[in-house]
Amino acid sequence: MTTIVPETVTDAPLAIGGRSFRSRLMVGTGKYRTNEAMVRAIEASGAEIVTVAVRRVDLDRTKEEGVLYHLSPDQYFLLANTAGCYTADEAVRYARLGREAGFNNFVKLEVIGDRETLLPDTEGLLAAARTLVGEGFQVLAYTNDDLITALRLEDAGCAAVMPLASPIGSGLGLVDPYGIRTIKRRLTVPVIVDAGVGTASDACLTMEQGVDGILMNTALAEAKDPAAMARAMGLAVEAGRLAFLAGRMPRREIAVPSSPTSGMLE
Amino acid sequence: MTELALTVNGEPRRLPGPATLLDLLAHLGLDPRTVVVELNREIVRRPRLGETGLAEGDTVELVHFVGGG
């Protein structure tokens, strides 16, 4: 399969924290029914950045397998997250462990404020971001679609800001395109939409807002065929990006004929 | 021969002493390249596992990467 990119539209690679990436789609590794399904889906997605979580080794299982048994850190850029952390201190602790386990100084920072919605605790998030930036981390901060928090995260030195499309694991799609567009327009650092995308049209619509990329997990892991959905998402992210760069036609609330109005028969 | 009472990943464990963190990993059958070790909330880097002795009552956390979003 060949990708046709018109010569008139050029796109720079995605640059985050001094690294450059070809793919604007990032994927998680959680909740797949099998490790084989996870590996096939990640391959089909074309993603380079793959998120992982830090957890205790299960000492009672003889063959407890970490995710590194299935994914080569040579092939993927592993991005450790602080998922499940409810305080800044806890998130900082997990970030440090992730850096030690991992292969880079990037962290996807999450400080969760509420168990039902998994919405971020923006106060804790800012505190943790400042600490981690001070320790030399490249912080990609999971946040809500609030402009002020996004601006403060950028001021704190975050390498990227990751507003949600809708709550984690909800699959509700892009709830507030205006909010996401505003954040993208006002920030200088990359804006990666994280969480809430459910299907390919959600991904395409999100990329059409002009954001720099999307991170998703559940939409792939819970699809009936994760690899097929991963491929669809890869295409949708490319399509949405290209449509954004191409520049869409204006919306009109009246019809305008596509065929000539002159030269009609008498 | 003494026995050390430790807390490892939240559970009480006994280990023949004297012992280092590397001895603990060997005792648990874990490859030091696949885990990150925290001793009393401080990360101990891999090269120092063999020279870091354990004491009675120490709390050890052994973590690795798992699937996540």
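Heads up: the structure comes first, above all this text.
This write-up is about the structure you can find in this document. In this text the structure is predicted, and so the values were computed from the model without any measurement.

**Points about the overall build of chain A**
(1) Moving on: The number of helices and strands found in chain A is eight helices and ten strands.
(2) Moving on: Whereas a compact globule of 266 residues would reach a radius of gyration of roughly 18 Å, chain A reaches 20 Å, a difference of no more than 12%.
(3) Moving on: Dimensions along the principal axes, computed over C-alpha positions, put chain A at roughly 85 × 40 × 35 Å.
(4) Moving on: Expressed as a percentage of the 266 residues in chain A, the buried residues total 45%.
(5) Moving on: Contacts in chain A between residues far apart in sequence, at least 24 positions, make up 62% of those at least 6 positions apart.

**A few points about the overall build of chain B**
(1) Moving on: Along chain B, the regular secondary structure elements total one helix and five strands.
(2) Moving on: Start at the N end of chain B and walk to the C end: the helices and strands fall as β-β-α-β-β-β.
(3) Moving on: For a compact globule of 69 residues, the expected C-alpha radius of gyration is about 11 Å, and chain B comes in at 12 Å, within 12% of that figure.
(4) Moving on: Its C-alpha atoms give chain B principal-axis dimensions of about 45 × 25 × 20 Å.
(5) Moving on: Residues classed as buried in chain B amount to 25% of the 69 residues present.
(6) Moving on: Of the contacts made within chain B by residues no fewer than 6 positions apart, 52% connect residues no fewer than 24 positions apart.

**Notes on the environment of Leu68 of chain A**
(1) Moving on: For Leu68 of chain A, the location among the structural elements is in the loop between strand S4 (49-56) and strand S5 (77-81).
(2) Moving on: For the pair Leu68 of chain A and Gly102 of chain A, spaced 34 residues apart in sequence, the C-alpha to C-alpha distance is 9.9 Å.
(3) Moving on: Ignoring any residue separated from it by four or fewer positions in sequence, one finds Leu68 of chain A in contact with Pro73 of chain A together with Thr34 and Phe65 of chain B.

**Examining the interface of chain B and chain A**
(1) Moving on: Tallying the contact residues gives 19 residues for chain B and 25 residues for chain A.
(2) Moving on: Of all elements in the fold, only strand S3 (36-39) and strand S5 (59-67) of chain B reach the threshold of two or more residues within the side of chain B that touches chain A.
(3) Moving on: The biggest single contributor to the side of chain B that touches chain A is S5 of chain B, with seven residues.
(4) Moving on: Here the residues of the side of chain B that touches chain A are counted per class, giving ten nonpolar, six polar and three charged.
(5) Moving on: The pairing of S4 of chain A with S5 of chain B spans five bridges and is classified as antiparallel. Bridge pairing in S5 of chain B links Val52 of chain A to Gly67 of chain B.

**Quick notes on the environment of Ser20 of chain A**
(1) Moving on: Relative to the elements of secondary structure, Ser20 of chain A occurs in strand S2 (residues 19-21).
(2) Moving on: Beyond its immediate chain neighbours, meaning those up to four positions away, Ser20 of chain A contacts Pro13, Leu14 and Ala15 of chain A.

**Section: the nonpolar core**
Inside soluble globular proteins, nonpolar side chains tend to come together where they are buried.
Residues and elements named next belong to chain A.
(1) Moving on: With 93 residues, the main nonpolar core has Leu109, Ala129, Leu140, Ala141 and Met233 as its most contacted residues.
(2) Moving on: Tallying contributions element by element places helix H2 (residues 88-101) first for this core, with seven residues.
(3) Moving on: Leaving out residues up to four positions away in the same chain, Leu109 has contacts with Thr82, Ala91, Ala95, Leu125, Ala128, Ala129, Leu132, Val139, Leu140, Ala141 and Tyr142.

Reading the values: rules and limits
Residues numbered from 1 in each chain as written. Chains lettered and ligands numbered in written order. Predicted model: local features only at pLDDT ≥ 70, side-chain atom pairs only at ≥ 80, totals over all residues. Helix = DSSP H or I, 4+ residues; strand = E, 2+ residues; numbered from the N terminus. Rg over C-alpha atoms; globule rule 2.2 N^0.38 Å. Buried ≥ 20, exposed ≤ 12 C-beta atoms within 10 Å, placed from the backbone. Contact = placed C-beta atoms within 7 Å. Nonpolar A, V, L, I, M, F, W, Y, C, P; charged D, E, K, R; others polar. Pairing = 2+ DSSP bridges. Core = buried A, V, L, I, M, F, W, Y, C linked by C-beta atoms within 7 Å.

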